[in-house]
Each structure stands twice: as C-alpha cells, then as structure tokens.
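# Commentary on secondary and tertiary structure
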Amino acid sequence: MEAEASSEARQAVEAIVMVAEAPVPPGLMAQLIEIPTEKVEAICEQLAEEYRDQRRGFELVRAAGGYRFRSHPDAESYVKRFVVSGQSSRLSSAALETLAIVAYKQPLSRAQVSAIRGVNAEGAMRTLQQRGLVREVGRDPGPGNARLFATAPEFLERLGLDSIEDLPPLADFVPGAEVIEALETSLMAENRLAPEAKSDGDPPAE
C-alpha cells in the first residue's frame with residue numbers, strides 16, 4: 001500500500017511540474033498531493049537522478065525556489081536546429097489545436113490552455129509565439145499573476161480577418177442535437193442486431 005502511494009505521489013509530482021509555466025515550489029506540491037514537503041523534495045531528487053542515469057533529453061532542476069523541467073544542455077545544438085527549422089515548417093496538429101483554443105478562449109494562460117487540451121501546451125505555445133501568431137497581453141489579476149496570451153495581428157492577417165469577432169462560431173463545428181440523437185439511435189440498433197447476425201452465421205447445433 002505504501003509503495004502504491006509513493007508511486008502515485010511520484011506521478012503527481014511529474015504531472016504538476018509538466019504543466020506548470022514556472023518553477024513549482026515543493027511546499028505547494030506538498031499541499032496539493034497532501035504529503036510532507038520533505039517527501040516532495042526527496043521525490044524530485046530521485047526523479048532527477050533517474051533522468052540523469054537514463055540520459056534523457058530533459059532534466060528536472062531546482063530553480064527560483066521550485067522545480068521545473070528543461071531540455072538537457074547536451075542536446076542544445078539539436079534544440080536550436082529544431083527551433084530554426086520550425087520557422088519554415090507547417091504547424092503541427094498540436095500547435096493548430098492550441099492556436100484554436102487561444103483564438104476562441106483568449107485571453108488565457110499557458111496553464112489554462114494545457115488544462116483544456118489535457119496535455120502540456122508549453123511547446124506548442126512557444127512555437128506559436130515564435131511564429132508571431134500568439135503574444136502576451138497581460139497578467140492574470142488572480143493568485144500567481146500568470147501571464148495571459150491572445151492571438152497576434154499576424155493571426156488575423158494570415159486568415160484574412162478584420163477582427164477576432166469574424167471567426168466562425170464554434171457551433172458551426174459541433175453536430176446538432178438531431179445528428180447526435182441519430183448517431184446514438186444507429187449505434188443502439190447495431191448493438192441489438194450484432195448478436196443476431198452472429199447466430200445466423202453459426203452452424204445449427206447437433
């Protein structure tokens with residue numbers, strides 16, 4: 001039971017640091033996971049050592065009183081090549097999805113984008129900023145004063161829009177209630193017919 005709890009705590013620490021846009025203090029993680037701060041620090045040290053031993057492309061480091069992930073210094077030349085080549089390449093599906101979230105929900109923080117996507121959006125947001133499609137527009141007045149982001153003028157120019165209000169409504173991309181009801185009815189019918197179709201094909205019992 002203790003091993004299971006320890007594994008869950010390690011997973012929680014990794015997940016929190018992964019989606020954070022700034023170093024996460026161990027005391028904050030301790031409150032969220034409901035374990036002692038010393039335990040959080042021990043977990044972070046264990047994870048950092050494991051990443052080093054496995055020669056991973058990233059590392060867990062202590063910075064500004066908290067913990068954060070960063071690319072490994074040994075891979076710096078490859079990261080630079082990736083960043084430079086990304087300027088002329090097409091946007092990935094993850095970047096396009098992130099851009100759509102920012103466009104329809106702006107202004108919002110990186111953490112909010114990550115929460116909506118369900119995965120860390122740090123890399124996608126950085127790409128969009130480098131492309132000039134997303135920009136920082138202020139700070140959240142709430143706790144933490146997280147940086148807020150919105151689409152940049154380049155975004156509207158690329159799409160040929162005069163303002164963000166010219167974006168098509170989200171309802172245009174969501175099936176209507178009648179379509180969803182028809183799909184559900186069809187699926188229910190298929191589930192009812194499936195056993196019968198199978199029995200028709202079986203040879204008669206001896």
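The structure reproduced in this document is the subject of the present report. (Residues numbered from 1 in each chain as written. Predicted model: local features only at pLDDT ≥ 70, side-chain atom pairs only at ≥ 80, totals over all residues. Heavy atoms only, no water.)

What follows is about the overall build of the protein. Of regular secondary structure, the protein possesses nine helices and four strands. Along the protein, from the amino end to the carboxyl end, the secondary structure elements read α-α-α-β-β-α-α-α-α-β-β-α-α. Within the span of the protein, comprising 206 residues, buried residues form 25% of the whole. Within the protein, contacts between residues at least 6 apart in sequence are counted, and of these 46% link residues at least 24 apart. (Helix = DSSP H or I, 4+ residues; strand = E, 2+ residues; numbered from the N terminus. Buried < 20%, exposed > 50% of the residue type's maximum accessible area, 1.4 Å probe, protein only. Contact = heavy atoms within 4.5 Å.)

Glancing now at the nonpolar core. Counting residues in each nonpolar core, the largest one holds 17 residues, and the members touching the most others are V13, V17, M29, C44 and L60. Counting residues per element, the ones that place at least two in this core are α1 (2-19), α2 (26-33), α3 (37-53) and β2 (66-71). The greatest single-element share of this core, amounting to six residues, is contributed by α3. Core analysis: the next-biggest nonpolar cluster, separate from the first, contains 16 residues, V102, A103, L133 and F155 among them. (Core = buried A, V, L, I, M, F, W, Y, C linked by side-chain atoms within 4.5 Å.)

Counting buried positions along strand β4 (residues 147-151) gives four out of five residues, so the element sits mostly inside the fold. Bridge analysis of strand β3 (residues 134-139) against β4 gives five bridges, and the strand direction is antiparallel. Of the residues in β4, the one forming a bridge with G138 is L148. (Pairing = 2+ DSSP bridges.)

Along the chain, Q106 connects to P107 via a cis peptide bond; the corresponding omega equals -5°. Among the secondary structure elements, P107 is positioned in the loop between α5 (93-105) and α6 (110-117). A positive phi is found at E34, a non-glycine position, where the angle reads about 65°. On the secondary structure map, E34 appears in the loop between α2 and α3. A positive phi angle, close to 55°, is found at R55, a residue other than glycine. Relative to the helices and strands, R55 is located in the loop between α3 and β1 (58-63). Classification of R55 by relative accessible area gives exposed; the value is 72%.

Another aspect to go through is the side chain of T98. Inspection of the secondary structure puts T98 in helix α5. Residue T98 is classed as buried on the basis of its relative accessible area, which comes to 0%. What T98 contacts, discounting residues up to four positions off in sequence, is V113, R117, A121, A124, M125 and L128.

Taken residue by residue, helix α7 (residues 122-130) has E122, A124, M125 and L128 as its buried positions. End-on view of α7: buried residues confined to an arc of 165°, all on one side of the axis. For α7, the secondary structure elements touched by its buried residues are α5, α6, β3 and β4. Of the residues flanking the end of α7, it is G132, one or two places downstream, whose phi is positive at about 80°. (Arc of directions from axis to C-beta.)

Okay, the packing of aromatic side chains next. To describe a pair of aromatic rings, one takes the distance between the centres and the angle between the planes. One pass over the full model with this rule turns up three aromatic pairs. Each ring, one from F58 and one from F69, has its centre 5.6 Å from the other, and the planes form 90°; the classification is edge-to-face. Placement of the pair is F58 in strand β1 and F69 in strand β2, with a sequence separation of 11 residues. (Phe/Tyr/Trp six-rings, centres within 6.5 Å; stacked < 30°, edge-to-face > 60°.)

Another aspect to go through is the packing of α5 against α6. Contact geometry for α5 and α6: axes closest at 10 Å, N-to-C directions at 115°. Relative to α6, α5 is oriented roughly perpendicular. Regarding α5 and α6, the two cross each other, and that crossing is right-handed. Side by side, α5 and α6 meet where A94, E97, T98, I101, V102 and K105 of the first sit next to V113, I116 and R117 of the second. Residue classes in the contact of α5 with α6 are distributed as five nonpolar, one polar and three charged. (Axes fitted to C-alpha atoms, helices over the stretch in contact; angles between N-to-C directions. Parallel < 35°, antiparallel > 145°, perpendicular 65-115°, else oblique. Left-handed = near helix turned anticlockwise from the far one by under 90°. Nonpolar A, V, L, I, M, F, W, Y, C, P; charged D, E, K, R; others polar.)

That's the geometry; what it means functionally is another story.
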